[in-house]
Structures are given as structure tokens and as C-alpha cells.
Amino acid sequence: MKVGGVSRLWLTVVAVFAVLSAIFLAPNVFGDKLPGWWSKAFPSSGIRLGLDLRGGVFIQLGVETDRGVGRRLETVAASVREEFDDPETAIVNSGVKDLVLSMEFADAAALAKARRVVDRRFEEFIAEAEGNTLRIFAEQFGMAQIRDDSMEQVRQVIENRVLDFGLVEPSITKLGSDRIVIQVPGASEGDRDRIVDIIKKTAVLEFKIVRGGGFSREEALTNAEVEEESELAEKELAVHPSYEGGNENFFVTEAAAQVTGEHISDARLIFDQFGGPAVSFSFSSQGAEKFGRLTEENIGNRLAIVLDGVVKSAPVIQSRISFEGQITGSFTQDEARDLALILRSGALPVPVSVQQEQLIGPSLGKDSIQKGKLSMLVGGVLVIVFMAFYYRAHGIVANIALGLNMFLIMGLLASLGITLTLPGIAGIVLTLGIAVDGNIIIFERVREEMRAGKSHVHAIETGYGRSVRTILDANVTTLLAGFVLFWFGNGPVKGFAATLCAGIVCTVFSNLIVARLISSAVWREKAT
């Protein structure tokens, strides 16, 4: 059905898109003036500004991906040991050096059994026998896969930590094969130190049974009936310091932890019986089963809670404990909250180091915004003047459509949650030129139809109809290029591609639908 010769369906579609854009952009216009119910009914973020416009924290991390290969080799060694009823007898020696795991076995039968385990479970590794020694190492493709997996695990853990920290819109991306870039728009200088500390902390939590302790390392070894340091490895023991209460103590524990932080499902800040900050944690079903068995078998012994190699507390096990526990110590409230955050997000699989750290002030972003606005304003005015001067009435129609086009682009960016950056502003400015180019194609075709003697209304309908294929061909190819940039790019390139793609979609809609509706309505009205 048509109203005044204009399709009611398309009028409704344009009106709906305009209203939705207004809803998505309302937070940017009114800010805190919006009523409290708004955030419950509608999105409340609006267009979000990137680090280069808003200021914030920029951090570049180096990731020790070779350590990921080493940890994987340690997993291989543990899996091989589990296959033997008496691994101490079957395995004479084992160790990792230069990313190669060497395992010496008591006989050829044990070596063959271990080799079958490696071939069956670990396809990325190659096992070669030299006498009774099995050398296990990763092939080139397997090495690259393990390193890439380590990078992705680090990225996910850091993303969970930064999001849980309460900062919105973080950008965490991989850069090359061993670096990660973190951008947190809006973070203050006070937040920076805590963010860096949270990111760098490995937070390896282990639960180990205490075999001895003392005020000095020598006393701890004596109480554990260990005469020399060299006996620690032979007896599968380890020494950990403790600074609880402000005094340095030492504990001798089992070297391997039967339960670790990997089995924790939740952690949160609490206050202990003395009112001090502490961390309460709960286990997953698998962790609860292991922790319950560990505590049940060691009632009366002390359990060391070891965080990053330091004993935080070592309480005596009074009864079986399954699902929950506490970590107490000399924490501040922020330290306890951050520790709970890190335990919830999981430990980093490999160490990381801060290679570059920068706090970008909001003044730089403000200057970028002003220049971006100026460029858009100058470009927009020049386009409007040219179109109105050269195409007269059709140019005015194109300018109206161009204004609505910009409004729809901003609404689409806000609805998709795309963070606007300085390159993104460049992408929007580029779409202005694309939109004008489409209008010029249409108007030149309309002029051709009018020179052929057709009426103005008929020339408009024919001109728009015959321009559809040309406009779609030109914009679809650009859109595909934008998708490729968005898929493979990162940082500024991805920001540019996102706004370019959004701009092209809105521009095609504006050129072929909005401008056509306005032109048809105006000239049909004149014809009557």
C-alpha cells in the first residue's frame, strides 16, 4: 500500500530504524539524566570510546611460550608414570632439558609401554629410543600448536581477570607469536598498578601435606628427617617459606600437590574470625572428591596452603573437608579481593612479563575527538554545499538522506557495541564520500532519463531502479574488503574496518531506500 505514492512498508522500516538509533544513542546525549528505569529497559552504554579517544591504560606483555612446551612435557611424564604400578622401579631417571623430555627405564619392556602411551595420547610429540632411554620432543607443527595454545590460554585468563576487575570495554589481543596487547579505556592511574599486578601474578595455588617445619631452613629439614638438600628430590619433598605473622618460617612439604587451584570453581573475599580479610573458596566436583580424600587420609597432619611457592597458612586437619576452605594471612582488603579474582579466573599457564606500559591521558583523547569532529564537520559542509549547488533540489534530498545516514550509522555502532577509535572516525568520514558517490551515480542516471524525454517522476523511478546493480556492486566489494580487514586485523585496523562496514550497510540503505522515498514523495507532490 502507498501513501501519496510512497510505500508505507518502507516508511515504517525507516521510522523503526530511526527510533532504534535514537534509543541506542540516548545515553551519549543525555548521560546521567536518563531515568533509572532506562537501563533496565534499554541499552545504557551508547557509543563507547576507545583508548586513543578516552584515555586509559596500555600494556604490552611478553609471553614465555617455551614454558608452555615444558609444562606439556611434564604432563607427558606424569601420564607415563601413571601407567606403572611401581613407577619408582620402572623409571630410573626423568627430566626436561632444552624442550626435550628424557626418561630412562629399567628395561626394554617398560620403555615400550611408555612409548605406546606417548604415541596414543600425545600426537604432537615424537618419541625416539636410545637404548633404555626414551627422548620425547615436539615436531615443528606440534611446537607451534602448543605455543599458540599457551598464548590463547594466557589471553583468556587475562581477559577474565580484567573483566572481573570491574573495568569495562577492555581490548585484549594477541600480537605476533609471543606478545599480548591490553587496552583498558577509562582506567585511572590508580587502577594501573593493580591491573599490572593482577595480570602478572601467576597465582599457582597448591595444597600439600606438611612433613616438617621450623624457624630456619636447616631446622625444617631436620624435623623432616632430611640430612642434606640433595635428599629433597630423592624423597620427593620441597621447602617453602612462610611469612605469616611477620616472621619467616619454613615448611617441608610433599613436592607434588594432589590438589591445586585448577580444581577451584569459585573464590570470594570474606573476613575471618578476627575481622581480617581472607579468601573463601569452593571446589569443583572433581576437586571436592580429591580434597576430601586428601584430608581424610591425613587427619591430624598439617595442610600447607601454598600460593606462588609461599605458605600462606598451614592449619591442622581436624576432619574430612570436601567443598570449601579458606586462605588466611596478612592480606589487605584489596589484596584479598584481587586474590579471589585471580583464583576465579584461573592461573596463568606460563609466565608473562610487562614489556611496555603506558598511561594515556584523557587530554590526548579529547584533542583527537575535537580534530575528528572538525574533520567530519569540514568534510560534511563541503559535501553539502557541493551537492546543493550542483544538483539543486536533488542535492538537497541527498543531503537530508546523508544526515539520516550518519544518524543510522551512529545508532548501528552503538547497538553492536563497537568501540569508536580515531581510525574508526576515519572510516566514518570515508563513508561520507561513498554515500555521496552513490547519490551522484543515481542523479546522473536520472538526468539521462530526463534528457530522453521522460517525466520527472518516471525518470526518478527509472534512474533509481537502474542504479541498484551499480551501487550494490561497488559497495559489496568494499564491504568484503572491510570484512577481511576486520577478520585478520587487530587494534586500529579492526576499528577502521568495523566503522567502514557499518557505514557501507547504512549508506546502501540510505541511497536506495531513504533518498528514493524522499524524492518520490517530493516530485509526486509537485506533479499533483
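Residue numbers restart at each chain and count upward from 1, following the sequence in its written direction. A pLDDT threshold of at least 70 governs which residues receive local features in this predicted model, and a stricter bar of 80 or more applies before side-chain atom pairs are shown or counted, although totals over entire chains, interfaces and linings include all residues. Hydrogens and water are ignored here; the side-chain numbers use all heavy atoms of the structure.

Considerations on the sheet that holds strand β16 (residues 277-283)
Strand order in the open sheet formed by 3 strands is β15-β16-β19, and the pairing between neighbours is antiparallel. Each edge of the open sheet is held by one strand with a lone partner, namely β15 (264-271) and β19 (324-327). For this sheet, the mean inter-axis angle between neighbouring strands, taken without regard to orientation, is 25°. Paired strands are those between which DSSP finds at least two bridges. Helical segments are the DSSP runs of H or I of at least four residues, strand segments are the runs of E of at least two, and each set is numbered from the N terminus. Pairing of β16 with β19, which is carried by 4 bridges, proceeds in the antiparallel orientation. Paired with V279 across the two strands is I327, which belongs to β19. Here, axes are lines fitted to C-alpha atoms. For helices the fit covers the stretch in contact, and angles between N-to-C directions go from 0 to 180 degrees.

Here we look at the pairing of strand β11 (residues 205-214)
Taking burial as the measure, the 10 residues of β11 include 8 buried ones, the bulk of the element. The sheet contact formed by β11 and strand β17 (residues 303-307) spans 5 bridges and is antiparallel. Note on β17: the bridge partner recorded for I209 is L303. With 2 bridges connecting them, β11 and strand β14 (residues 259-260) associate as antiparallel partners. Across the sheet, E206 pairs through a bridge with T260, a residue of β14. The pairing of β11 with strand β13 (residues 249-254) spans 4 bridges and is classified as antiparallel. When the bridges of β13 are listed, G214 appears paired with F250. Per-residue accessibility, obtained with a 1.4 Å probe over protein chains only, is compared with the maximum for each type, and a residue is labelled buried under 20%, exposed over 50%, and partly exposed between these values.

Overview of the environment of I400
Its place among the elements puts I400 in helix α13 (residues 362-416). Residues I400 and I518, spaced 118 residues apart in sequence, show a C-alpha to C-alpha distance of 8.7 Å.

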